[in-house]
Amino acid sequence: MHSKALAPEYQGALTKMSVNSSLTDVLAEGLRHLREAELTGSQQEVARCGLAVAEAHRRLGDVEEADRAWKASYRAARSAGDQGAMAWALWSGGTLARQRGELRLAFRLLELAADMGERGGDIVARGYSLAGLAETGRIQGDYRTVAALHEQLLAEARARGEARHTVWALEGIAQIHRNTGSLDSALAMFEEAAELAGAADDRRGRAWALRGMADIISLRDDPEHALALLSEAELTCREMKLSSALAYNHKMRANVLFRARRYEEARRGYAQALDEFRAMTEPRGEALARLGLVKSLARLGRAPAETVADLTELRRTLDRIGLLNAREMVDKAFAELGVAPAGDAGEESGRR
């Protein structure tokens, strides 16, 4: 039996904030309580309130503010000798690093967070940090290494009845199945995640699950159903001010349109997503949107030499970030569009 979804990153005076609270509301409350904590001199409360501020900034795409906030939260937690709060701050910093495409830093911070959570007896912080490590490896494309960790975290979340974490794990495993060609099992897991998130009132988790469902349904040549699912998810993203999730929703909408050979609509969708990713300094999303835009322009008659130049640059960018799966997507794009790489673009490979 699963409980209603909770937001353990909203701590201290913010524990009553809902997982579905608008991020602008979370930020406003976090800043208000942070100022109060600073006046009282409680470093522990400064750390806890600062965590919510950091997470709100991160999810709103304010990466510089988020960077300052998680570091301030960590300093306050260390001053208070609160290892659990230190773990949460490191988790926030590691998650931000992943969002910014700094995968090596993300691994380092999340490993420290998991260790600190274990030493401080905060099993939720430890679990979230391990989940962060699993997600970073999955995004990188290192499925063999992180698949077992995803399964372990799913089993732990089910055993504790943690709906939100169960939804996250289901979606992560579903994405691995989707990327390795097991579409039936991927769709079933996304559907289970969407149903569980709905029952637990986890609107963010449901929005991500709907996006995953739309992806696979589109691959099965039902674009209108896929677009309807994305429209439902977009409402949640807008109401909760989920900037990153909204940008990925728009990129997926463009993917659906591209697969349906509606190339001009796809081009506009990728361009919109690209602007959104750039505004929040999210290089992974930016690279994926750029790839879709290059492919759309090629289908609309762009000169092959320009396509080759852009794909070659993208491949180098993705090598530098360390995104193995996305790099393979670029290689497939060369073949799909009938163009050949200019020289050996793989010399600068920086795979982890």
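Here the structure is a predicted model, which means the values were calculated and not measured.

A. Broad picture of the packing of helix 8 (residues 163-179) against helix 10 (residues 203-219). It is the contact of helix 8 with helix 10, at a shortest axis distance of 10 Å, that shows an interaxial angle of 20°. Looking at the two axes, helix 8 sits roughly parallel to helix 10. For the pair helix 8 and helix 10, the crossing hand works out as left-handed. Between helix 8 and helix 10, the contacting residues are Arg 164, Val 167, Glu 171 and Arg 178 on the first element and Arg 204, Gly 205, Trp 208, Ala 209, Asp 215, Ile 216 and Leu 219 on the second. Looking at the contact of helix 8 with helix 10 residue by residue, the class counts come to five nonpolar, one polar and five charged.

B. Structural detail: helix 15 (residues 304-321). Relative to the 26 Å expected for 18 residues at 1.5 Å per residue, helix 15 spans 26 Å between its end C-alpha atoms, a close match to the ideal helical length. Those residues of helix 15 that sit buried are Thr 307, Val 308, Leu 311, Thr 312, Leu 314, Arg 315, Thr 317, Leu 318, Asp 319 and Ile 321. Lining the buried residues of helix 15 we find helix 5 (103-119), helix 14 (283-299) and helix 16 (324-337). Following helix 15 by one or two positions, Gly 322 adopts a phi angle in the positive range, close to 95°.

C. Examining the side chain of Thr 95 more closely. Within the element layout of this structure, Thr 95 appears in helix 4 (residues 83-99). Setting aside its immediate chain neighbours within four residues, Thr 95 contacts Arg 58 and Leu 110.

D. How the structure looks around helix 5. Taking 1.5 Å of rise per residue, 17 residues should cover 24 Å, and helix 5 covers 24 Å from first to last C-alpha, within 8% of that figure. Every buried residue of helix 5 is accounted for by Leu 103, Ala 106, Phe 107, Leu 109, Leu 110, Ala 113, Ala 114, Met 116 and Gly 117. Residues of helix 5 that are buried in the fold lie against helix 3 (63-80), helix 4, helix 6 (123-140) and helix 15. Among the residues trailing helix 5, Gly 121 stands out with phi positive, at a value near 70°.

E. Inspection of the packing of helix 14 against helix 15 at higher detail. Interhelical geometry of helix 14 versus helix 15 gives an angle of 160° and a closest axis separation of 10 Å. As judged from the angle between their axes, helix 14 and helix 15 are roughly antiparallel. Pair helix 14 / helix 15 crosses with left-handed handedness. Mapping the contact onto sequence places Pro 283, Ala 287, Arg 290, Leu 291, Val 294 and Ala 298 in helix 14 and Thr 307, Asp 310, Leu 311, Glu 313, Leu 314, Thr 317, Leu 318 and Ile 321 in helix 15. Of the residues contributing to the contact of helix 14 with helix 15, the split by class is nine nonpolar, two polar and three charged.

F. How the structure looks around empty space enclosed by the protein. Scanning the model with the defined rule gives one cavity of 30 Å³ or more in all. Within this model, the largest cavity holds a volume of roughly 40 Å³. Forming the boundary of the largest cavity are Ala 207, Trp 208, Arg 211, Ala 233, Cys 237, Ala 245 and Asn 249. Within the residue set of the lining of the largest cavity, elements represented by two or more residues are helix 10, helix 11 (223-239) and helix 12 (243-259). In terms of residues, the lining of the largest cavity owes the most to one element, helix 10, which gives three residues. Split into classes, the residues belonging to the lining of the largest cavity amount to five nonpolar, one polar and one charged.

G. Molecular detail of the confidence of the model for the protein. Residues with a pLDDT of 70 or more make up 96% of the protein, whose mean pLDDT is 92. Here residues 344-352 scores under 50 on pLDDT; set against residues more than four positions off or in separate chains, the count is 16 contacts.

H. Structural view of the environment of His 165. Following the sequence through the fold, His 165 ends up in helix 8. Using a relative accessible area of 5% as the deciding quantity, one classes His 165 as buried. Between the C-alpha atoms of His 165 and Val 124, which are 41 residues apart in sequence, the distance is 9.8 Å. Beyond its immediate sequence surroundings of up to four residues, His 165 is in contact with Gly 127, Tyr 128, Ala 131 and Ala 157.

Quick notes on the rules
- Residues numbered from 1 in each chain as written.
- Predicted model: local features only at pLDDT ≥ 70, side-chain atom pairs only at ≥ 80, totals over all residues.
- Heavy atoms only, no water.
- Axes fitted to C-alpha atoms, helices over the stretch in contact; angles between N-to-C directions.
- Helix = DSSP H or I, 4+ residues; strand = E, 2+ residues; numbered from the N terminus.
- Parallel < 35°, antiparallel > 145°, perpendicular 65-115°, else oblique.
- Left-handed = near helix turned anticlockwise from the far one by under 90°.
- Contact = heavy atoms within 4.5 Å.
- Nonpolar A, V, L, I, M, F, W, Y, C, P; charged D, E, K, R; others polar.
- Expected span 1.5 Å × (residues − 1).
- Buried < 20%, exposed > 50% of the residue type's maximum accessible area, 1.4 Å probe, protein only.
- 1 Å grid on protein atoms, 1.4 Å probe; cavity = no way out; pocket = protein on both sides within 12 Å on 5 of 7 lines; lining within 4 Å.
- Points joined across faces, edges and corners; volume = space filled by probe spheres on them.
- pLDDT = per-residue confidence, 0-100.

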